[in-house]
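# Breakdown of the fold
What follows is the residue order along each chain.
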Amino acid sequence: LVRHNLATNSTRLREVEDQAVTGLLISKPSDAPELVSQIDRLQAGSLDQEVYGKNASQAVGSLDQLDSALGRVHDTLSRARELAVQTAGDLSNSDDRGYAALEVSALRDTLLDAANSNFGGRYIFAGTAYDSPPFADDGSYTGSTDTPTTKVGDSTWVDTGLDGSAVFDDSVDIFAAIDAFQTALEADDSAGIQSALDDIDAALDQVMSARANVGNQTNVATDASSLAESLGAQLDAGLSDIVSADPAETYMKLSELRTSYQTALQVAASARSVGLFDLM
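Before going into details, it helps to say that this report is about the structure given with it. As the structure is a computational prediction, the values presented were derived from the model and not from experiment.

## Focus: the side chain of Gln182
Checked against the element boundaries, Gln182 lands in helix α5 (residues 174–186). With residues up to four places along the chain from it excluded, the contact list for Gln182 reads Ala101, Val104 and Ser105.

Here is the structure:
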């Protein structure tokens, strides 16, 4: 009986010492087999929210880059529109239009550069074919018409790129419109310049629509990031309530067990002494 009590006290003492060191009331399945499934669910849920949070943050980065690129496109088209308005009337001569044509050529280069923007090595207007530049020098689209997405919640997905053809070649082909504008300027063609102005206006509407969509997706990703952080904290707190040891309570138990163990040792020592005396 003495040996049994000593072994029991020793085992319990080691368990509480481990709790004091690790801060965990439950550190292995055998500590609380009835709670294993609940702990597993909480841990899995917490890991899911961590992944959703990272995905949402990365998505916001991609969407911010998309918005920036679309802003460049909008500003470039706005400048092209200014030139079209200035050169469409009879007050402009062939020299004026020739100088404007040179600027439009530079604006086209800016548009192509924006259309081939990349974020983290991924071309953001290439759809799911984001490993390669989506637009050739002639303005033709070589990307995918599928939109890349990422999961930011149990049932929530957001876009992380765009089908560039839907942005640059939807109701109007932006590169074709700019090329036609430059050609009309070089040809001193007032009617052609006016026609190009109409196409540029349509292109601006196209870009603003795409930018509004990106803004909506950014809001979804931002909200998802906040939700993942909140849910993750709740799940972690629930898990901590189950597996974490209360420091004050643990050290109180540890002190009591150490006292009990020392008492058991003394009892065992006394028992051995009595047994030896009886044999003499």
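Next comes the rest of the description.
## Considering the nonpolar core
Ranked by size, the top nonpolar core spans 48 residues in total, and within it Leu70, Leu77, Phe125, Phe168 and Phe181 carry the most contacts. Ranked by residue count, the leading element in this core is helix α2 (residues 36–88), at 13 residues. Those residues in contact with Phe181 that sit more than four places away from it in its chain are Ala80, Leu83, Ala84, Thr87, Val104, Ile193, Ala196 and Ile200.

## Thoughts on the environment of Ala166
In this fold, Ala166 is placed in helix α4 (residues 164–168). Classification of Ala166 by relative accessible area gives partly exposed; the value is 41%. Between the C-alpha atom of Ala166 and that of Val207, which follows or precedes it by 41 residues, the distance is 9.6 Å.

## Side note on α5
In this model α5 runs 18 Å from its N-terminal to its C-terminal C-alpha over 13 residues, within 8% of the 18 Å that 1.5 Å per residue would give. Those residues of α5 that sit buried are Ile174, Phe175, Ala177, Ile178, Phe181, Gln182, Ala184 and Leu185. Of the residues that open α5, the one with a side-chain oxygen 3.1 Å from the backbone nitrogen of Phe175 is Asp173.

## Section: empty space enclosed by the protein
Per the stated rule, a full pass over the model turns up 1 cavity of 30 Å³ or more. When its volume is computed, the largest cavity comes out at roughly 60 Å³. As for the largest cavity, its lining consists of Ser62, Phe119, Arg122, Tyr123, Ile124, Gly127, Tyr130, Pro148, Thr160 and Gly161.

## Examining the packing of helix α3 (residues 94–115) against α5
Between α3 and α5, the least distance of the axes is 8 Å, while the angle of their chain directions is 165°. Here α3 is positioned roughly antiparallel relative to α5, judged by the angle of their axes. α5 is crossed by α3, and the crossing has left-handed handedness. Here Arg97, Gly98, Ala100, Ala101, Val104, Ser105, Arg108, Leu111, Leu112 and Ala115 of α3 lie close against α5, whose contacting residues are Ile174, Phe175, Ile178, Asp179, Phe181, Gln182, Leu185 and Glu186. Class assignment of the residues belonging to the contact of α3 with α5 gives a composition of 11 nonpolar, 3 polar and 4 charged.

Cut-offs applied
- Residues numbered from 1 in each chain as written.
- Predicted model: local features only at pLDDT ≥ 70, side-chain atom pairs only at ≥ 80, totals over all residues.
- Heavy atoms only, no water.
- Helix = DSSP H or I, 4+ residues; strand = E, 2+ residues; numbered from the N terminus.
- Contact = heavy atoms within 4.5 Å.
- Core = buried A, V, L, I, M, F, W, Y, C linked by side-chain atoms within 4.5 Å.
- Buried < 20%, exposed > 50% of the residue type's maximum accessible area, 1.4 Å probe, protein only.
- Expected span 1.5 Å × (residues − 1).
- Polar contact = N/O pair within 3.5 Å; in protein donor to acceptor, adjacent residues only side chain to side chain.
- 1 Å grid on protein atoms, 1.4 Å probe; cavity = no way out; pocket = protein on both sides within 12 Å on 5 of 7 lines; lining within 4 Å.
- Points joined across faces, edges and corners; volume = space filled by probe spheres on them.
- Axes fitted to C-alpha atoms, helices over the stretch in contact; angles between N-to-C directions.
- Parallel < 35°, antiparallel > 145°, perpendicular 65-115°, else oblique.
- Left-handed = near helix turned anticlockwise from the far one by under 90°.
- Nonpolar A, V, L, I, M, F, W, Y, C, P; charged D, E, K, R; others polar.

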